[in-house]
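The lines below spell out each chain.
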Amino acid sequence: MMTRDAAGIRFEVAPGGALRGRLRVPGDKSISHRAVMLAALADGSTEVSGFLEGADSLATLVAFRAMGVQAEGPHSGRLLIHGVGLNGLRAAPGPMDLGNSGTSMRLLAGLLAGQTFPSTLTGDASLSRRPMRRVTEPLATMGADIRTTAAGTAPLHIMPVPRLDAIEYALPVASAQVKSSLLLAGLYADGITDITEPAPTRDHTERMLRAFGWPVQTSGNRIRLVGGQRLRAAPIAIPADISSAAFFLVGASIAPGSDLILEQVGINPTRAGILTLLQAMGADISIENPRQFGAEPVADLHVRSAPLRGIRIPEAQVPLAIDEFPALFIAAACADGETLLTGATELRVKESDRIAVMAAGLDAIGVVAEPRADGLRIGGRGAAALLGGGQIHSHGDHRIAMAFAMAALRAAAPIQIEDCSNVGTSFPGFADLAVAAGLGITEACA
Ligand code: S3P
C-alpha cells in the first residue's frame, strides 16, 4: 500500500469513458474533525459511524490520543471515543503534527487556548505556509497567548492563561474554521461569545454542539453561545462528504453516457453550493430520498451526463462551495461559453493557491483560463469539444489532483498528474472507487 510518505504518487488517467453505478464516497471531513473534538470533550462515550479514515481527520484523532483521550477504532468508519469532559485533557508529550490539515490546526488553536497546559501544533510544508493570524488575533483579544512565526504561520505555541473572556467579533472573511475556532474557545470563556459572519459558512460546529446539549443561538449571520457548560455524549452518524462527491458529480456530468448514484451524501445547505452551481450550468442532478442523519441532512444524488453552459458565479455562493472550485472549473472547461468567478480570494490560501494552480493546469490541457486577484475566468471548450491531454502539477493539493483526474473523461489524450499522495488526506481509496465507476486511472510511484 502506498502512503503519504512515499516519494510521491502520480495519477495516469486514460482519456474517455463514462461513470456508472452506485457508490458511496467516504465520510465528511469537516464533520469527522468536529466529531473527534466534541466527543473528546464530552461526558460519556460517543459512538461515531461514517468517520473519514483520511490523513487529516486521523491527525485530529492522533492529537486527542496524545492529550489522553482513549478511542477504539476506527474500523470501517466506526469509532468509540471515551470523552474526558470539558476539563479532562492533559498536555501532549510533544508537538502535535497535524500534517496537511488546516481545519485541525485552526480549530485546535481555539480549543486549546483555554487549557491549563501548553501545546505546540505543527504541520507539513503547505500547512506551515497558511495564514494563522485569522485565528490567533481574535483569540488574543479573548486573552489567549499563542505564538506564531514572524509571518503569522505555524508552528503554533499555545501557552496557558489564567482565563479567557468571551468576545463579540465580526469575522472579516467568511471562514467556518475561524468561526469554529472562536466557538470552541468560547466553551472555555467567561460570558457570551458572539460572532457575526459576513456570509453564511458551514455550520457543522453549531449543529453538533446542539446535538451534544450545548445551546447555540443563531439569528441571521450571528451566532452566540455561553461558556462554562457541559457536553453530553450522543451518537454521531457522519454523511458521505459532498466535497468528495463533487468530483463524481462533475465527472458524470461531463462524460457522455454517465449515470451514477452517490449514496447518503450530506446536503447541508451551507455546503450544497456545488449542487446549485452545477444545476445552474445545466447539470442533470436529482436529489433522491432526502432524509435526516442526526443533525445533518443527507440524500442520494443521481447524476446523468448533460450539456453544460458557462455561468457567472454569484459571490454569495462562494462560501457554500468553497472547496469545490477545482472540480467546478473542470465542469466550466467543458461548458459552452464563459464562466466567471469573482469574490474568491480565499482560494489563494487553501492547500495550494487554487486560482494559480488550476489556471496553470487548465492551460496545460488547452483551456483558456485567466486568473484574477479574486477569481478566474474560464473559456469553456463547448459541450461537444474535447480537452487536451497533458501533464498537471497538483502542488500536493488533493482537490487539484482529483479534479484533473475527472477532466480525463473528456480529454483527447492521457492526463498525468504529479504529486498526488495528499489525495489520502480527504479521500482514501479515490482511485479504486473511480476505477469501479469507469475512470481509467492508475496510480504510479513517482
Ligand atoms: C472547513 C472550512 C473551510 C474549508 C475547509 C474545511 C471546516 O475553510 O475550505 O476545507 O471544516 O471548517 P475556511 O474556513 O478557511 O474557508
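Quantities reported herein were computed from a predicted structural model and do not represent experimental measurements.

> Could you give an account of the sheet that holds strand 22 (residues 375-379), naming the residues involved and the relevant values?
Strand order in this open sheet of 3 strands is 20-22-21, and the pairing throughout is antiparallel. Strands at the two margins of the open sheet, each flanked by one partner only, are strand 20 (338-341) and strand 21 (368-372). Neighbour-to-neighbour, the strand axes of the sheet open up by a mean angle of 10°, direction not taken into account. With 4 bridges joining them, strand 20 and strand 22 adopt antiparallel strand pairing. In the strand pairing of strand 22, Thr339 is matched with Ile378. Together, strand 20 and strand 22 form the strand contacts of helix 9 (residues 325-333), whose direction differs from that of strand 22 by roughly 25°.

> How would you sum up the site of the ligand? Please name residues and give values.
Around the ligand, a shell composed of Ser30, Arg34, Thr103, Arg106, Ser175, Ala176, Gln177, Arg202, Ile322, Asp323 and Lys350 is seen. The separation between an oxygen atom of the ligand and a polar side-chain atom of Arg34 is 2.6 Å. Here an oxygen atom of the ligand sits 2.8 Å away from a polar atom, N or O, in the main chain of Gln177. Within the complex, 95% of the 380 Å² of free accessible area of the ligand lies under protein. Elements represented by at least two residues in the shell around the ligand include exactly helix 1 (29-41), helix 3 (102-113) and helix 5 (176-186). Its residues assigned to classes, the shell around the ligand shows 2 nonpolar, 4 polar and 5 charged. Per-domain counts for the shell around the ligand show at least three residues from each of domain 1 (9-27 + 239-445) and domain 2 (29-237).

> Could you give an account of the environment of Val250, with specific residues and numbers?
With respect to the secondary-structure elements, Val250 resides in helix 7 (residues 242-254). Sequence separation between Val250 and Val367 is 117 residues, and the spatial gap between their C-alpha atoms is 17 Å. With sequence-adjacent residues up to four places away left out, Val250 is seen in contact with Leu278, Ala327, Leu328, Ile330 and Ala331.

> Outline the pattern of salt bridges, supporting the account with residue identities and numerical values.
Tallied over the entire structure, the rule returns 27 salt bridges. Residue Arg222 is joined to Asp194 by a salt bridge in which the shortest nitrogen-to-oxygen separation is 2.6 Å. Of the two residues, Arg222 sits in strand 15 (residues 222-226) while Asp194 sits in strand 13 (residues 192-196), which places them 28 residues apart along the sequence. Residue Arg222 is classed as partly exposed on the basis of its relative accessible area, which comes to 31%. Residues Arg291 and Asp300 are paired through a salt bridge, measuring 3.4 Å at the closest nitrogen-oxygen approach. What makes Arg291 partly exposed here is its relative accessible area of 27%.

> Kindly report on empty space enclosed by the protein, identifying the contributing residues and their values.
Using the criterion set out here, one finds 1 cavity of 30 Å³ or more in the structure. Estimates place the volume of the largest cavity at around 50 Å³. Around the largest cavity sit Asp28, Ile31, His204, Pro239, Ala240, Ile242, Gly266, Ile267, Asn268, Arg271, Glu296 and Pro297, which together line it. Considering only residue class, the lining of the largest cavity consists of 6 nonpolar, 3 polar and 3 charged.

> Quick one: what's the story with the domain arrangement of the protein chain, residue by residue and with numbers?
Taken domain by domain, the protein chain holds domain 1 (9-27 + 239-445) and domain 2 (29-237). The gap between the C-alpha centroids of domain 1 and domain 2 is 29 Å. Taken together, the contacts link 28 residues of domain 1 with 25 residues of domain 2. Together, the buried faces of domain 1 and domain 2 total about 2100 Å²; carbon and sulfur atoms form 49% of this surface. Three residues, Arg271, Glu351 and Thr425, lead the burial of domain 1 against domain 2; their summed loss comes to 24% of the area buried on that side. Across the contact surface, domain 1 and domain 2 share 3 salt bridges. Remark: the boundary between domain 1 and domain 2 carries 13 residue pairs in polar contact (both at pLDDT 80 or more).

Analysis parameters
Here the residue numbers are simple positions, counted from 1 along each chain's written sequence. Owing to the predicted nature of the model, reporting of local features is limited to residues with pLDDT of at least 70; listing and counting of side-chain atom pairs is limited to 80 or more, with chain, interface and lining totals taken over all residues. Based on all heavy atoms of the structure, the side-chain values leave hydrogens and waters out of the count. Two strands qualify as a pair provided that DSSP identifies no fewer than 2 bridges between them. What counts as a helix is a DSSP run of H or I of at least four residues, what counts as a strand is a run of E of at least two, and both are numbered from the N terminus. To obtain each axis, a line is fitted to C-alpha atoms, and for helices this fit is confined to the stretch in contact; angles are then taken between N-to-C directions over 0 to 180 degrees. When checking whether two residues touch, look at their non-hydrogen atoms; a contact exists if any pair is within 4.5 Å. Near residues are defined by distance, with any heavy atom within 4 Å of the molecule or strand qualifying the residue. In protein, a polar contact means a hydrogen-donor-capable atom and an acceptor-capable atom, both N or O and within 3.5 Å, with residues adjacent in sequence counting only if both atoms are side-chain atoms; elsewhere, any N or O pair within 3.5 Å suffices. Reported accessibility uses the Shrake-Rupley method at a 1.4 Å probe radius. Residues are deemed covered only where the shown protein chains occlude them. Polar here means any residue other than Ala, Val, Leu, Ile, Met, Phe, Trp, Tyr, Cys and Pro, which are nonpolar, and Asp, Glu, Lys and Arg, which are charged; Gly is therefore polar. What marks off one domain from the next here is an automatic or database domain assignment. A pairing counts as a salt bridge when a side-chain nitrogen of Lys or Arg comes within 4 Å of a carboxyl oxygen of Asp or Glu. Exposure classes here rest on a 1.4 Å probe applied to the protein chains alone. A residue is buried below 20% of its type maximum, exposed above 50%, and partly exposed in between. A cavity here means a set of 1 Å grid points, computed over protein atoms only, where a 1.4 Å probe fits but cannot escape. A pocket is an open set with protein on both sides within 12 Å along at least 5 of 7 lines, and lining residues have an atom within 4 Å of a point. Grid points are joined across faces, edges and corners, and a volume is the space filled by probe spheres set on the points. Throughout, the accessible surface (probe 1.4 Å) given up by two parts as they are put together, summed over both, is called the buried area.

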